[in-house]
Amino acid sequence: MDIQKINSFITLARMSSFSKAADELYMSQPALSKQIKSLENELQVPLFHRGKKLTSLTLQGEYFLPYAENIMASYYQSREHILQIENLEMGRLIFGATNFNGIYLVPETLAAFKNKYKKIGIDLTINSSKNILDMLVRQQLEFIILSDYIDIDPKKYVSVRWHDDELQLVVGKNSPLFGKNSVNLEDLKGKLFISKDQHSSIYKFIMSKLEFPFENMLFISCQEAIKYAVIHGLGFSIMSTRATFLEEKMGLLKSLPLEGYSFKRGINIVYEKNKYLTPATLAYFKLLGLATQ
């Protein structure tokens, strides 16, 4: 089976258009049609419904898609492994991280990694925990970095603790709470709590610790926007002290413990069990002080 045909099939399935897929693949539409037809002949089933405007997968195509994605993932991973065998002189480090981890924890480690392995490229995807988990399942990422309160299937994945993190209540310099060393729930009455939306993992984590909602809430999807909203006195939030370190040093924010509550979490490295990890990934894990299973 031709790997180029598999890649063309996946691209067409994603684009739902022969013209768009051909442009994406830098080939002519007749050449793409020929590849898809050849693959269908090889499998002896139709893979696409060909419409005038859109092209959609047949039932057989839908079943074949995850297998095709696995084939391509295995191909790219094996190629990376081969490239990296000789002293890590070639190849790429391919992984994903959630927003907090990708912004506040990972860059420092990548600087150290790049200083040691100058010829290894780095592909870091920063996205929601759901999206990077989906990419891990589809084998588009070799490993991911996320908080320990995210559910992981222990039968399929290894989850190794890398870092301990603590969240605290955060207020701006103009808040009446800024001069305090700690706060209690009574101090927060009538004040606006700013958080990511109710479906976000961080919101669910905070609420699982408090076991009740604040009376007055504002939801903002971006963590940086939340931080600036707090700086400008709109309300308070609960954030990692790593995310507010610079602003606290500048006197714009202050992190305060909430009396009677703890918001500690672990940051984990997650990868598939019984998987051949590339030398670049193993080298990165060693730099982080992790032992693989």
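As the structure is a prediction and not an experimental result, all values here were calculated from the model. (Residues numbered from 1 in each chain as written. Predicted model: local features only at pLDDT ≥ 70, side-chain atom pairs only at ≥ 80, totals over all residues. Heavy atoms only, no water.)

## Observations concerning the overall build of the protein
A tally of helices and strands in the protein yields 10 helices and 11 strands. If one aligns the C-alpha atoms of the protein with their principal axes, the spans along those axes are about 70 × 50 × 35 Å. Looking at the protein residue by residue over its 293 residues, the buried ones come to 45%. When contacts within the protein are restricted to residue pairs at least 6 apart in sequence, long-range pairs at least 24 apart make up 70% of them. Just so you have it, the protein exposes about 16,000 Å², and 52% of that area is on carbon and sulfur atoms. If the 35 positive side-chain charges of the protein are averaged to one point and the 30 negative ones to another, these points end up 3 Å apart. (Helix = DSSP H or I, 4+ residues; strand = E, 2+ residues; numbered from the N terminus. Buried < 20%, exposed > 50% of the residue type's maximum accessible area, 1.4 Å probe, protein only. Contact = heavy atoms within 4.5 Å. Areas by Shrake-Rupley, 256 points an atom, 1.4 Å probe, with all protein chains shown as cover. Lys, Arg positive; Asp, Glu negative; His and termini not counted. Charge placed at Lys NZ, Arg CZ, Asp CG, Glu CD.)

## Focus on unusual backbone geometry
Note: most residues except glycine have negative phi, and most peptide bonds are trans. Located in the positive-phi region is S16, a residue other than glycine, with phi close to 60°. As for its position among the elements, S16 is in the loop between α1 (3–15) and α2 (18–25). If you check the backbone angles, Y26 has positive phi at about 55° while not being a glycine. As for its placement among the helices and strands, Y26 is situated in the loop between α2 and α3 (29–43).

## Comments concerning the nonpolar core
If you look at the biggest cluster of nonpolar residues, it comprises 37 residues, and the most contacted ones within it are L93, F143, I145 and Y284. Looking at this core element by element, the count peaks at 6 residues for helix α5 (residues 99–116). Every residue in contact with L93, bar those within four places of it in the chain, is listed here: L110, F113, I120, G121, I122, D123, F143, A280, T281 and Y284. Counting residues in each nonpolar core, the second largest holds 20 residues, with A21, L47, L57 and A68 among its members. (Core = buried A, V, L, I, M, F, W, Y, C linked by side-chain atoms within 4.5 Å.)

## A look at α3
Helix length check: α3, at 15 residues, gives a terminal C-alpha distance of 21 Å against a target of 21 Å (1.5 Å per residue), a fit within 8%. Those residues of α3 that fall on the buried side of the exposure criterion are L32, Q35, I36, L39 and E40. In a view along the axis of α3, the buried residues occupy a sector of 135°, so they form one face of it. Along α3, the residues that are exposed and aim more than 90 degrees away from the buried face are P30 and K34. Two or three places before A31, at the start of α3, stands the capping residue S28, its side-chain oxygen 3.2 Å from that residue's backbone nitrogen. (Expected span 1.5 Å × (residues − 1). Arc of directions from axis to C-beta. Polar contact = N/O pair within 3.5 Å; in protein donor to acceptor, adjacent residues only side chain to side chain.)

## What about the side chain of S17?
Residue placement: S17 occurs in the loop between α1 and α2. Owing to a relative accessible area of 9%, S17 belongs among the buried residues under this scheme. Of note is the side chain of S17, whose polar atom sits 3.0 Å from the side chain of S19. Contact partners of S17, with chain neighbours within four places excluded, come to L12 and T55.

## Quick notes on the pattern of salt bridges
A complete count under the given rule lists 12 salt bridges for this structure. Linking K5 and E42 is a salt bridge whose minimum nitrogen-to-oxygen distance equals 3.9 Å. Here the residue K5 occupies a position in helix α1, and E42 occupies one in helix α3, the gap between them amounting to 37 residues. Here R265 and D165 are joined by a salt bridge, their closest N and O atoms 2.8 Å apart. Within this pair, whereas R265 is found in strand β11 (residues 263–272), its partner D165 is found in strand β6 (residues 157–172), the two being separated by 100 residues in sequence. Given the relative accessible area of 5%, D165 is considered buried. Three or more residues are tied together by salt bridges with common partners; here these are D148, R161 and D164. (Salt bridge = Lys/Arg side-chain N within 4 Å of Asp/Glu carboxyl O.)

In short, shape yes, function no, at least from these values alone.
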